[in-house]
Amino acid sequence: MTSESASNHESRITNHDDAIRIDVVSLFPDFIDQAAAVGVVGRARERGLLSLEGWNPRDYATGNYRRVDDRPFGGGPGMVMLLDPLLATLAAARAADPAPARVIYMSPQGRPLTQAKVRELAQLPRLILLCGRYEGVDERLLASEVDEELSIGDYVLSGGELAAAVVVDAVARLQDGALGDVESAVQDSFEGDGLLDCPHYTRPVEHALGRVPDVLLSGNHAEIAKWRRQQSLVRTLERRPELVDEAALGKADRRLLAAWRAGQGD
Ligand code: ADE
């Protein structure tokens, strides 16, 4: 082992102390495990920056049929997840580690997940993500055990697992040491200034689908930074105007926008 890799190894070990732990309560815990096995998240787990464990309420259900759901009072379609198997599962998950856990229910009724929320969650020692199936879980569980509800968008999934996998991914890649290049998280869409990311190009310069913008080949880093900022501003205004308050932009940004508009003839 070279001295450099020895010191990397040490820093990895010291990082273990502040690794985040995520427990997922789900009838399909293997799904999350597989979703979190590859790429940046898989590597974060291998490096000990994230520990992930699944908890299946079916394992905590009692009776011959190990029921986890029942019909809703008041009638109507679908089934509701039962209180007791979920309470027992949550208690087991909590007891697996003394660190305090934020318990989050994945649901289309939740607050929208944003990068700011992801940053907040990424700093916590422990999350427990609760995934509903069917029509959802008994409301009393949400009232007594759940700290917050999060939605990944205004559409309905057949269960919370995909949404939980989204949280695991977004939180894992923000753990120190998870990304190869420290810069890449800072430059992402929504990071820093809340703007969308600029376009990216790689080889070849000339292609039947078009040419790489000259400025990126110029080697002029100040001009490249200006172009990227301008592209981010224009993209955000065109695609997600609600994310930018044009009136609150600084002088340099307003100038970049004006230059772009002048070039577009409007
Ligand atoms: N469960 C079902 N739909 C969902 C959504 N949009 N976000 C989070 N959890 C969900």
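Analysis parameters
- Residues numbered from 1 in each chain as written.
- Predicted model: local features only at pLDDT ≥ 70, side-chain atom pairs only at ≥ 80, totals over all residues.
- Heavy atoms only, no water.
- Near = heavy atom within 4 Å.
- Polar contact = N/O pair within 3.5 Å; in protein donor to acceptor, adjacent residues only side chain to side chain.
- Helix = DSSP H or I, 4+ residues; strand = E, 2+ residues; numbered from the N terminus.
- Nonpolar A, V, L, I, M, F, W, Y, C, P; charged D, E, K, R; others polar.
- Domains from an automatic or database assignment.
- Axes fitted to C-alpha atoms, helices over the stretch in contact; angles between N-to-C directions.
- Parallel < 35°, antiparallel > 145°, perpendicular 65-115°, else oblique.
- Contact = heavy atoms within 4.5 Å.
- Core = buried A, V, L, I, M, F, W, Y, C linked by side-chain atoms within 4.5 Å.
- Buried < 20%, exposed > 50% of the residue type's maximum accessible area, 1.4 Å probe, protein only.
- Patch = residues over 30% accessible without salt bridge, like charges linked within 9 Å, V, L, I, M, F, W, Y side chains within 5 Å.
- Areas by Shrake-Rupley, 256 points an atom, 1.4 Å probe, with all protein chains shown as cover.
- Salt bridge = Lys/Arg side-chain N within 4 Å of Asp/Glu carboxyl O.

> How would you summarise the site of the ligand if you had to cite specific residues and measurements?
Not every one of the 13 residues close to the ligand is listed here, only the nearest: Ser107, Ile152, Gly153, Tyr155 and Leu157. Gly153 is positioned such that a nitrogen or oxygen atom in its backbone is 3.1 Å from a nitrogen atom of the ligand. Tyr155 places a polar main-chain atom, nitrogen or oxygen, 2.8 Å from a nitrogen atom of the ligand. Broken down by element, the residue count for the shell around the ligand peaks at three residues, all from strand β5 (residues 102-112). Partitioned by chemical class, the residues of the shell around the ligand number eight nonpolar, five polar and no charged.

> Tell me about the domain arrangement of the protein, and please be specific about residues and values.
You can read the domains of the protein as domain 1 (6-172) and domain 2 (187-261). Its C-alpha centre places domain 1 at a distance of 36 Å from the equivalent point of domain 2.

> Explain the packing of helix α5 (residues 115-122) against helix α7 (residues 161-172) to me, and be specific about the residues and the numbers.
Across the interface, α5 lies against α7 with an axial gap of 9 Å and an inter-helix angle of 70 degrees. Of the possible angle classes, the one that applies to α5 and α7 is roughly perpendicular. Contacts between α5 and α7 involve Val118, Leu121 and Ala122 from the former and Val167, Ala170 and Val171 from the latter. Residues that form the contact of α5 with α7 fall into these classes: six nonpolar, no polar and no charged.

> How would you explain the environment of Pro100 if you had to name every residue and give the values?
The topology assignment puts Pro100 in the loop between α4 (83-95) and β5. When the C-alpha atoms of Pro100 and Arg126 are compared, they prove to be 6.5 Å apart, with 26 residues separating the residues in sequence.

> Can you lay out the nonpolar core for me, pointing to particular residues and giving the numbers?
Counting residues in hydrophobic clusters, the biggest one holds 27 residues, and the most contacted among them are Ile22, Leu127, Leu129, Val168 and Val171. Among the secondary structure elements, those contributing two or more residues to this core are β1 (20-25), α3 (39-46), β2 (50-55), β5, α5, β6 (126-131) and α7. Sorting elements by how many residues they give to this core places α7 first, with seven residues. One finds Trp55, Ala61, Leu90 and Val137 within the second-largest nonpolar core, a separate group that totals 19 residues.

> Give a detailed account of a nonpolar patch on the surface, specifying residues and quantitative values.
A contiguous nonpolar surface patch, about 460 Å² in accessible area, is contributed by Phe28, Phe31, Tyr155, Leu157 and Leu162. By the element assignment, Phe31 lies in helix α2 (residues 29-35).

> Please provide a residue-by-residue account of the side chain of Arg126, values included.
Here Arg126 is to be found in strand β6. In this structure the side chain of Arg126 is engaged in a polar contact, spanning 2.8 Å, whose partner is the side chain of Asp23. Those residues within four positions of Arg126 in sequence are excluded, and the remaining contacts are Ile20, Arg21, Asp23, Ala93, Arg94, Asp97, Ala99, Pro100, Ala101 and Arg102.

> Quick one: what's the story with the side chain of Glu161, residue by residue and with numbers?
As for its placement among the helices and strands, Glu161 is situated in helix α7. Those residues within four positions of Glu161 in sequence are excluded, and the remaining contacts are Ser26, Leu27, Phe28, Phe31, Ile32, Cys131, Gly132 and Arg133.

> I'd like a rundown of the packing of helix α9 (residues 221-239) against helix α10 (residues 251-264), residues and numbers included.
Running from N to C, α9 and α10 cross one another at 75 degrees; their axes reach a closest spacing of 9 Å. What the angle tells us is that α9 and α10 run roughly perpendicular. Residues Lys226, Arg229, Gln230, Leu233, Val234, Leu237 and Glu238 of α9 pack against Asp253, Leu256, Leu257, Ala259, Trp260 and Arg261 of α10. Looking at the contact of α9 with α10 residue by residue, the classes come out as seven nonpolar, one polar and five charged.

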